[in-house]
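# Coordinates in review
The primary structure of each chain is shown beneath.
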Amino acid sequence: MASGFVLSYWNLNEAASGGARRIHALLDTLGRSAVLVQPGGHHPSFATVPYPTDFGRTKAGINWGRFNFHWPGTRRIAAGAIATHRPAVLVMTSMWAAPIAARFPDIPCLLDTHDVNALAIAERFGSGHPFARLVRRQEARAADLATHIFCCSDQDRESFMELYGVESNRVSVVPNGVDVDAFPDRAPSGQPDAFWQQAFGEAT
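Residues numbered from 1 in each chain as written. Predicted model: local features only at pLDDT ≥ 70, side-chain atom pairs only at ≥ 80, totals over all residues. Heavy atoms only, no water.

## Points about helix H5 (residues 130-145)
The end-to-end C-alpha distance of H5 is 23 Å, a good match for the 22 Å that 16 residues give at a rise of 1.5 Å each. For H5, every residue scored as buried is listed here: Phe-131, Ala-132, Val-135, Gln-138, Glu-139, Ala-142 and Ala-143. Take H5 and look down its axis: the buried residues cluster within an arc of 135 degrees, on one side only. Among the exposed residues of H5, those pointing more than 90 degrees away from its buried face are Pro-130, Arg-137 and Asp-144. (Helix = DSSP H or I, 4+ residues; strand = E, 2+ residues; numbered from the N terminus. Expected span 1.5 Å × (residues − 1). Buried < 20%, exposed > 50% of the residue type's maximum accessible area, 1.4 Å probe, protein only. Arc of directions from axis to C-beta.)

## Concerning the sheet that holds strand E7 (residues 109-112)
Spatial ordering of the open sheet is given by E3-E2-E1-E6-E7-E8-E9, a layout of seven strands whose pairing is parallel. The sheet terminates laterally at strand E3 (47-51) and strand E9 (171-173), the two strands that pair on one side only. The sheet shows a mean angle of 20 degrees between the axes of neighbouring strands, taken without regard to direction. Where strand E2 (residues 35-39) meets E3, five bridges bridge the pair, whose relative direction is parallel. In the strand pairing of E3, Gln-38 is matched with Pro-50. Lying on the sheet, helix H1 (residues 18-30) is in contact with strand E1 (5-7), E2, strand E6 (90-92), E7 and strand E8 (148-151); it crosses E1 at an angle near 175 degrees. (Pairing = 2+ DSSP bridges. Axes fitted to C-alpha atoms, helices over the stretch in contact; angles between N-to-C directions. Contact = heavy atoms within 4.5 Å.)

## What about the packing of helix H4 (residues 117-125) against H5?
The angle between the axes and the distance between the axes are what describe a pair of packed helices. Where H4 contacts H5, the two axes come as close as 9 Å, and the packing angle between them is 175 degrees. Comparing their axes, H5 and H4 come out roughly antiparallel. For the pair H4 and H5, the contacting residues are Asn-117, Ala-118, Ile-121, Ala-122 and Phe-125 in the first and Phe-131, Ala-132, Val-135, Arg-136 and Glu-139 in the second. Residue composition of the contact of H4 with H5, by class: seven nonpolar, one polar and two charged. (Parallel < 35°, antiparallel > 145°, perpendicular 65-115°, else oblique. Nonpolar A, V, L, I, M, F, W, Y, C, P; charged D, E, K, R; others polar.)

## Focus on the packing of aromatic side chains
For the coordinates displayed, the defined rule picks out seven aromatic pairs. Considering the side-chain rings of Tyr-51 and Phe-69, the 5.4 Å spacing of their centres and the 55 degrees angle between planes classify their relative orientation as tilted. A residue pair is termed long-range when its members are at least 10 positions apart, and Tyr-51 in strand E3 and Phe-69 in the loop between strand E5 (62-63) and helix H2 (72-85) qualify at 18 residues. Put simply, the rings of Trp-64, Phe-67 and Trp-96 pair up and form one aromatic cluster. Lying over the aromatic face of Phe-46, Arg-32 brings its terminal NZ or CZ to 4.7 Å of the ring centre. (Phe/Tyr/Trp six-rings, centres within 6.5 Å; stacked < 30°, edge-to-face > 60°. Lys NZ or Arg CZ within 6 Å of the ring centre and 35° of its normal.)

## Focus: the packing of H5 against helix H6 (residues 154-164)
Their axes nearest at 11 Å, the elements H5 and H6 cross at an angle of 100 degrees. In terms of orientation, H5 and H6 fall into the roughly perpendicular class. Contacts between H5 and H6 involve Arg-136, Glu-139, Ala-140 and Ala-143 on the former and, on the latter, Phe-160, Leu-163 and Tyr-164. Partitioning the contact of H5 with H6 into residue classes produces five nonpolar, no polar and two charged.

## Some thoughts on the pattern of salt bridges
Evaluated as defined, the whole model comprises four salt bridges. With its nearest N and O atoms 4.0 Å apart, the salt bridge here joins Arg-157 to Glu-158. The exposure class assigned to Arg-157 is partly exposed, which follows from its relative accessible area of 21%. For Glu-158, a relative accessible area of 38% corresponds to the partly exposed category. (Salt bridge = Lys/Arg side-chain N within 4 Å of Asp/Glu carboxyl O.)

This is the structure we're talking about:
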């Protein structure tokens, strides 16, 4: 049995964003029995269920890749693989994977979210914008489907509880971090430069 199916609308072979790095860390945690579901080709390190259509390649306005799991062909491929392998858990790496998770209410589902999308989009477009309303509905659906939610900060945790009525024991903070060993040429420890000390004070 696969430890988990990780549902990504990004092609992790190509993405270099903070979100992609977080998903890679999640896959490492789940181990080699994890299966990645992503657009494009196979991942070099993880078993992969690739789906051919990637709307994220359309660079116009928003990242259209977030609608990958709404495409019928993609849903057929992902749902067929999940039904065959029956993983121990489904992991939505964004709220946009909800159409897949909704098909398997008997499989525990985790939502690993990189921010509170409804707040971010409302800040950008206004809360009354059609896209902002769509995002809030979709995020509410994902939050309701999730057995547990992992978010990046205490503020995001509070927002999920306030906006969507998520119980406190159903949402945890897993902050982003830095692998310092990956930067061997980092600055030596010690007192910060005077400029940074003045700019940030005790925060340094």
